[in-house]
Amino acid sequence: MSQIKKVVIIGGGFGGVAAAKQLSDLPNVKVVLLDKRNHHLFQPLLYQVATAALSPSDIAYPLRSIFSKSSNIRVVMGNVCDIDRSAKEVILEDGGKFSYDYLIVAVGARHSYFGHPEWEEHAFGLKTLNDALRIREKILLSFEKAERAETPEEIAKYLTFVVVGGGPTGVEMAGAIAEITKKTMVEDFRKINPKVAKIILIDSGSRLLSQYPEVLSEHARRDLHQMGVRVTCGKTVTDIQADRIYFGDEMIMTANIVWAAGNEAAPLMTKLGVELTRSKQIKVRPDFSIPDDDHVFCIGDCVSLMDANGKTVPGIAPAAAQAGRYVAKLILKRLHGQPKSGERPFKYMDKGSMATIGRASAIAVIGPLKLTGLLAWLAWSLIHVWFLIDFRSRVAVMFSWMWSFFTHHRAARLIIYVRKRTANK
Ligand SMILES: Cc1cc2nc3c(=O)[nH]c(=O)nc-3n(C[C@H](O)[C@H](O)[C@H](O)COP(=O)(O)OP(=O)(O)OC[C@H]3O[C@@H](n4cnc5c(N)ncnc54)[C@H](O)[C@@H]3O)c2cc1C
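Quick caveat: nothing in here was measured; it's all calculated off a predicted structure.

**Overview of the overall build of the chain**
- Regarding its fold elements, the chain presents 11 helices and 26 strands.
- The globule rule puts the C-alpha radius of gyration for 425 residues at 22 Å, and the 22 Å found for the chain is close to it.
- C-alpha extents for the chain along the principal axes are approximately 75 × 50 × 40 Å.
- Put simply, the chain has 425 residues, and 45% of those count as buried.
- Within the chain, contacts between residues at least 6 apart in sequence are counted, and of these 66% link residues at least 24 apart.

Structure representation (structure tokens):
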């Protein structure tokens with residue numbers, strides 16, 4: 001390879017950062033990493049920002065700092081609004097253009113409200129720091145409003161918390177809200193008793209955490225029940241309004257609804273001119289390239305792929321990172337003129353999965369091992385701290401966790417009046 005080649009990566013999440021790191025410091029490759037935000041976000045701990053356990057800077061890291069020592073990587077902050085495949089250019093909202101020899105699209109996913117976008121106004125989802133801070137604000141403000149409310153009905157409305165979606169995020173949110181109401185807040189109010197708060201977790205499926213073995217789902221349900229969470233499976237949400245939610249044959253008055261139920265790929269995927277699935281993902285080829293184009297690769301949560309083992313690649317951080325590294329290596333091989341015939345299709349390496357339920361309670365599947373309780377929670381904690389991007393965050397998160405483990409306090413209980421609407425992905 002003699003000529004310098006340009007690789008443009010859209011998205012500085014798990015997939016984009018892994019791809020860029022793989023291409024770092026190579027002499028004949030120039031990389032432009034574009035993101036509409038200036039930070040890489042560790043989404044797995046986002047619920048802890050939403051529930052005041054961690055601060056935003058504990059789980060987000062400036063993209064520029066990640067690549068400050070990689071001379072061939074240019075980080076550009078900008079919102080990509082179009083992709084012109086015939087001109088091999090990506091176009092930014094502000095009119096900026098970047099040409100590419102190879103393009104990697106790693107723009108992730110956003111919430112889906114199953115055809116009811118109007119629900120978003122009352123039921124915030126959790127994808128960005130802004131989302132997390134809005135949820136935190138709503139939860140904390142609800143306690144303040146309950147303290148000043150005049151009637152028992154009004155107090156009950158502010159002290160009822162509904163989480164829609166029984167996947168890992170929904171379970172984590174419900175468990176964390178239970179801890180806040182039953183432990184953190186108990187001594188802080190004079191008129192209300194936060195312990196009487198109701199927490200309801202709704203899922204339309206037959207059980208929580210449906211991607212985990214049934215025995216672990218049941219364990220999670222039992223732990224949540226002990227923490228005071230009412231788990232309601234098999235009921236579909238039919239309407240959400242400012243002060244109430246309808247599901248199954250029930251209606252509940254509540255000022256707090258968290259949406260953790262549906263995902264769809266980021267809107268940019270519609271600009272590639274390729275057929276999309278129902279959740280707006282692109283069905284990529286086994287090497288993550290899009291149909292009919294060997295120069296455009298899509299990875300992470302915005303794609304759907306059955307890997308070489310015949311298994312659907314899951315929408316989780318390790319899968320996005322593995323895809324990023326795989327595609328970057330593939331591009332390098334092609335730049336060095338290696339024949340496509342020698343390439344191996346992607347195989348996802350499953351190192352296990354885990355979800356936390358609350359203090360000292362989690363579930364984990366690692367190979368044939370199924371863990372629950374304190375052991376699973378310790379494994380979850382260590383792995384999540386380990387994968388945080390920098391040393392300062394690891395120390396800060398460990399310290400915050402130890403502090404709240406022994407005191408039940410949450411350090412980030414601040415109401416700061418966050419932006420009303422998130423610039424949704
Ligand atoms: C609340 C929550 C909890 C989770 N918990 C876990 C967990 O415990 N374990 C786990 O493995 N996974 C977890 N996940 C999933 C995991 O975070 C995702 O699978 C992973 O982030 C996907 O990586 P990605 O690179 O595809 O997208 P992302 O990491 O979402 O990155 C996408 C990037 O693209 C940028 N972007 C989007 N559109 C544009 C545009 N038009 N122009 C410029 N930039 C753009 C975004 O700003 C973002 O930085 C969780 C996700 C959430 C939301």
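**Here we look at the sheet that holds strand E21 (residues 289-290)**
- Taken together, six strands build an open sheet; the order of strands is E5-E2-E1-E9-E22-E21 and the sheet is mixed. The sheet is open, and its two borders are formed by strand E5 (73-77) and E21, each paired with just one other strand.

**Comments concerning the sheet that holds strand E7 (residues 89-92)**
- With respect to topology, three strands assemble into an open sheet ordered E6-E7-E8, the strand pairing being antiparallel. Sheet topology places strand E6 (80-84) and strand E8 (97-99) at the edges, where each strand pairs with a single neighbour. Here the strands of the sheet are splayed against their neighbours by 20° on average, with no regard to which way each runs.
- As paired strands, E6 and E7 are joined by four bridges and run antiparallel to one another. Note on E7: the bridge partner recorded for Val80 is Leu92.

**Let's talk about the domain arrangement of the chain**
- Here the chain is described as being made up of domain 1 (5-36 + 78-111 + 264-342) and domain 2 (117-261).
- Once you take the C-alpha centre of each, domain 1 and domain 2 turn out to be 36 Å apart.

**So, the nonpolar core**
- Counting residues in hydrophobic clusters, the biggest one holds 134 residues, and the most contacted among them are Ile9, Ile104 and Val327.
- Here this core takes nine residues from helix H9 (residues 317-335), the largest share from any one element.
- When residues no more than four places from it in sequence are discounted, the contact partners of Val327 are Ala19, Ile104, Phe288, Phe297 and Ile299.

**Quick word on the site of the ligand**
- Near the ligand lie 34 residues; those nearest to it are Gly11, Gly13, Gly15, Gly108 and Gly300.
- If you list the elements that add at least two residues to the shell around the ligand, you get helix H1 (14-22), strand E2 (29-35), helix H2 (46-50), helix H7 (168-184) and H9.
- Partitioning the shell around the ligand into residue classes produces 17 nonpolar, 11 polar and six charged.
- Counting contributing residues per domain, the shell around the ligand is built from domain 1 (5-36 + 78-111 + 264-342) and domain 2 (117-261), each supplying no fewer than three.

**Focus: the pairing of strand E18 (residues 256-259)**
- Side-chain alternation along E18 places Asn256 and Val258 on one buried face and Ile257 and Trp259 on a second face that is also buried.
- In the sheet, strand E11 (residues 123-125) pairs with E18 via three bridges, with the strands oriented parallel. Each bridged residue has a counterpart across the sheet, and for Gly125 the counterpart in E18 is Trp259.
- Where strand E12 (residues 160-164) meets E18, four bridges bridge the pair, whose relative direction is parallel. Across the sheet, residue Val163 finds its bridge partner in E18, namely Val258.

**Some words on the environment of Val80**
- Residue position: Val80 is located in strand E6.
- A residue is classified by how many C-beta atoms lie within 10 Å of it, and Val80, with 23 of them, is buried.
- Taking the C-alpha atoms as reference points, Val80 and Asp58, separated by 22 residues in sequence, lie 27 Å from one another.
- Beyond its immediate stretch of four places on either side in the chain, Val80 contacts Ile10, Leu34, Val90, Leu92 and Leu268.

**Some points on the pairing of strand E24 (residues 353-358)**
- Burial runs high along E24: five of the six residues are buried.
- Note: E24 against strand E25 (residues 361-366), five bridges, orientation antiparallel. Opposite Gly358, over in E25, you have Ser361 as the bridge partner.
- Counted between consecutive antiparallel strands, the loop separating E24 from E25 contains two residues, among which Ala360 sits at a positive phi close to 60°.

Cut-offs and rules
- Residues numbered from 1 in each chain as written.
- Predicted model: local features only at pLDDT ≥ 70, side-chain atom pairs only at ≥ 80, totals over all residues.
- Helix = DSSP H or I, 4+ residues; strand = E, 2+ residues; numbered from the N terminus.
- Rg over C-alpha atoms; globule rule 2.2 N^0.38 Å.
- Buried ≥ 20, exposed ≤ 12 C-beta atoms within 10 Å, placed from the backbone.
- Contact = placed C-beta atoms within 7 Å.
- Pairing = 2+ DSSP bridges.
- Axes fitted to C-alpha atoms, helices over the stretch in contact; angles between N-to-C directions.
- Domains from an automatic or database assignment.
- Core = buried A, V, L, I, M, F, W, Y, C linked by C-beta atoms within 7 Å.
- Near = placed C-beta within 6 Å.
- Nonpolar A, V, L, I, M, F, W, Y, C, P; charged D, E, K, R; others polar.

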